[in-house]
Amino acid sequence: MPRRIAGLSVRIRALSTVLCVLLLAAAGFGLHRALGPRGEAVADHPPAGAPAGPRTADRIVPVPLSVTPGSGPGYRLTAGTVIRAAAGAEAVERQAGEVRRIAERLAEALRRPTGLPLPVAEPGDGDGIGLALDPALPETTGPEGYRLTADATGVRITARSPEGLFRGTQTLRQLLPPQIESTTRVTGGPEWTVAPVTVEDRPRYGYRGAMLDVARHFFTPAEVKGFIDRLALYKLNHLHLHLTDDQGWRIEIPARPALTAVGAVSEVGGTPGGFYTAADYQEIVRYAQERYLTVVPEIDLPGHSNAALAAQPELDCTGSARPWPYTGIEVGFSTLCPTGDAVFSFTRDVVTELARLTPGPYLHIGGDEVKRVAPAAYAEFVRRVGEQVRAAGKTPVGWNQTAPGGIGVLQFWDGRAGRDAELREATERGAEVIMSPSGRSYLDMKYESGYPLGLVWAGTIDVRSAYSWDPDTLVPVRAGSVLGVEAPLWTETLDTPGELDRMLLPRLPALAELGWSPRESHDWGRFRSRLAEEGARWEAAGYGYERRPEVPWPAR
Ligand code: ACM
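Throughout what follows, the structure given in this document is the object of discussion. (Residues numbered from 1 in each chain as written. Predicted model: local features only at pLDDT ≥ 70, side-chain atom pairs only at ≥ 80, totals over all residues. Heavy atoms only, no water.)

**Regarding the sheet that holds strand S1 (residues 66-69)**
If you walk across this open sheet you meet the seven strands as S1-S9-S6-S7-S5-S3-S4, and the pairing is mixed. With one partner strand each, in any of the chains shown, S1 and strand S4 (120-121) form the two edges of the open sheet. Where strand S3 (residues 82-86) and S4 come together, two bridges link them in parallel fashion. Bridge assignment links Ile 83 to a residue of S4, and that residue is Val 120. (Pairing = 2+ DSSP bridges. Helix = DSSP H or I, 4+ residues; strand = E, 2+ residues; numbered from the N terminus.)

Below, the structure is given as structure tokens:
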């Protein structure tokens, strides 16, 4: 901060102390506070060029269940800092390996910008960062919860499972200066100091996801890994891959080689497409697993199937296919024949292979926008494919249209034409819901009309609108039936990772906070100032983002 305005800054800080106390008292709100490392109130937006001291604990996105600022100088990473991994006496061997790998991944991420050695060691005394499984933590901590404490002697993260430790390491990254995200050595940079704090945390929902449409435009395994990195930062735990659509079939099915030999050649606009071999797909699954994300593969049936029909023309009994390759962006025209042995032999081959390749519990069968099949035939088709998925050992998931086919996990995107009432009735019969309302969570909708990327059919979605809804109540469903939230990113208009970034950031953290943070902490004013701080992290990481005007980004 320039010296000449230091006096003014003291007065602003004093005023903000008073305002802060008044606001906290008025709101009765104790979950997170704009307090600095010594408990003093701080301005929400430090001016550009502010000294790079410890980040205040009020910078964590998604906001944790509770943050209690400590006192003292906090913990500074030095050449002597050791990262210790302790699985504990009761841990099975697999968990011990996982804890060690989490520690190694953290060390690797911190070594790059800091240039510090940060060796990973066995449990022991001394300063440093400790990761430890602790079965004595309350059961309410759950598999993803964790406890993080930082003081002058070190940082300790404890959790009941490795997953919780991993989530805790994401919080630790946010407690360090934004340059910690740099992939290259930061010289002449900040002190790598963690503010003294105790964080107790666990998610509101067990399902927090994002979807990437690799059918309209294909993204390579390396590009998908980059997408996963962004989700992991915000503690998401599911990656839904939309693997097939009218414009392309992107997963190799050995029993049906034409699907990729024919159906993967192209994409929207007519540029070359692509597909994942089994090895590619399994590498994506492995990379996601290391970050505690479950891959949910989707094969969209019976509609959105022009690429499948190009490969298997005998399955087109209604004459719905368009000439191949189809490179436009219309929806709702294509359908597989909904009846007959051939189509169920086809779906069995696909479901069996996908289940074989996928360790996660879910297999998504699509089911949206089927306009050429009568309702009874559609429901029967969905029911039979759902049975095939169960027979392959997986839980079927479908877009909310699949409710009449008895699918038990419904992804809500479309409340038109009475679908919201249909969804409520399905939940009353026991179905569960993943909330992806198109008008709030579709990351391919433009921020505002005239924005160069994205579409507007579900409206425009600015950051405030992406944040300002409640997954439990947006549509009336049985209490307790909402599994969580997911942000789909359709790619009709997006064909580079940079374009994905511009739609994802800053809206993905809004969705992540809805999925993770307690409902009582929901507060647009506080969210937008925490979000503003993320910009510097994205810049350090080399991620693109949109500096939307509704977020008070610090001056560059
Ligand atoms: C969808 O947006 N058609 C699921």
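This is not the end of the story, as more comes after the structure.
**Topic: the packing of aromatic side chains**
Applying the stated criterion to the full structure yields 19 aromatic pairs. Judged by centre distance (6.1 Å) and plane angle (45°), the rings of Tyr 467 and Trp 524 are tilted. Of this pair, Tyr 467 sits in helix H12 (residues 463-467) while Trp 524 sits in helix H15 (residues 524-541); the two residues are 57 residues apart in sequence, bridging distant segments of the chain. Trp 524 shares its class with Tyr 467; the two are buried. Clustering of aromatic rings is evident, with ring pairs tying together Trp 399, Trp 413, Tyr 442, Trp 457 and Trp 490. A cation over an aromatic ring shows up here: Arg 291 above the ring of Tyr 287, its NZ or CZ 3.6 Å from the ring centre. (Phe/Tyr/Trp six-rings, centres within 6.5 Å; stacked < 30°, edge-to-face > 60°. Buried < 20%, exposed > 50% of the residue type's maximum accessible area, 1.4 Å probe, protein only. Lys NZ or Arg CZ within 6 Å of the ring centre and 35° of its normal.)

**Observations concerning the nonpolar core**
Membership of the largest hydrophobic core comes to 145 residues, with the highest contact counts inside it found for Leu 148, Leu 239, Leu 241, Trp 249 and Ile 251. The element best represented in this core is helix H8 (residues 341-357), accounting for eight residues. Not counting the four nearest positions on each side in its chain, Ile 251 is found in contact with Leu 243, Thr 260, Phe 275, Tyr 276, Tyr 281, Ile 299, Leu 354 and Leu 357. With seven residues, the next largest nonpolar core counts Tyr 207, Val 296, Tyr 362 and Ile 434 among its residues. (Core = buried A, V, L, I, M, F, W, Y, C linked by side-chain atoms within 4.5 Å. Contact = heavy atoms within 4.5 Å.)

**Details of the state of the cysteines**
Scanning the model with the defined rule gives one disulfide in all. Here Cys 317 engages in a disulfide with Cys 337; their sulfurs sit 2.2 Å apart. The disulfide joining Cys 317 to Cys 337 has a torsion of about 95° about its S-S bond and is therefore right-handed. With Cys 317 in the loop between helix H7 (306-311) and H8 and Cys 337 in the loop between H7 and H8, this pair connects stretches of sequence that are 20 residues apart. Relative accessible area serves as the criterion here: at 11%, Cys 337 is assigned to the buried category. (Disulfide = S-S within 2.5 Å.)

**Details of the environment of Gly 480**
Its location among the elements puts Gly 480 in the loop between H12 and strand S19 (482-489). With 48 residues separating them along the chain, Gly 480 and Glu 432 place their C-alpha atoms 8.4 Å apart.

**A word on the pattern of salt bridges**
For the structure on display, the rule yields 39 salt bridges. Residue Glu 144 is joined to Arg 208 by a salt bridge in which the shortest nitrogen-to-oxygen separation is 2.6 Å. Highlighted residues: Glu 144 in the loop between strand S5 (128-133) and strand S6 (146-151) and Arg 208 in strand S10 (residues 207-213), separated in sequence by 64 residues. Judged by its relative accessible area of 5%, Glu 144 falls in the buried class. Under the relative-accessibility criterion, Arg 208 is labelled buried at 1%. Note that Glu 448 and Arg 548 form a salt bridge whose closest N and O atoms lie 3.7 Å from each other. Taken as a pair, Glu 448 in the loop between helix H11 (438-441) and H12 and Arg 548 in the segment after H15 lie far apart in primary sequence, 100 residues in all. Each of Arg 105, Lys 225, Asp 229, Glu 283, Arg 286, Glu 290 and Arg 291 takes part in salt bridges that share partners, so that together they form one network. (Salt bridge = Lys/Arg side-chain N within 4 Å of Asp/Glu carboxyl O.)

**Comments concerning the environment of Val 67**
Counting through the fold element by element, Val 67 comes out in strand S1. Placed 131 residues apart in sequence, Val 67 and Thr 198 show a C-alpha to C-alpha distance of 5.9 Å.

**Brief notes about unusual backbone geometry**
Among all residues save glycine, negative phi is the norm, and among peptide bonds the norm is trans. Cis geometry is found at the peptide bond from Val 61 to Pro 62, where omega equals -5°. Among the secondary structure elements, Pro 62 is positioned in the loop between helix H1 (6-27) and S1. With an omega of -15°, the peptide bond between Leu 301 and Pro 302 qualifies as cis. Summarising the element assignment, Pro 302 is placed in the loop between strand S14 (294-301) and H7. Even without being a glycine, Leu 118 presents a positive backbone phi close to 40°. Here Leu 118 lies in the loop between helix H2 (93-114) and S4. Of note, His 304 is a non-glycine position whose phi angle comes to about 50°, a positive value. Structurally, His 304 can be placed in the loop between S14 and H7. With relative accessibility at 3%, the residue His 304 sits in the buried group.

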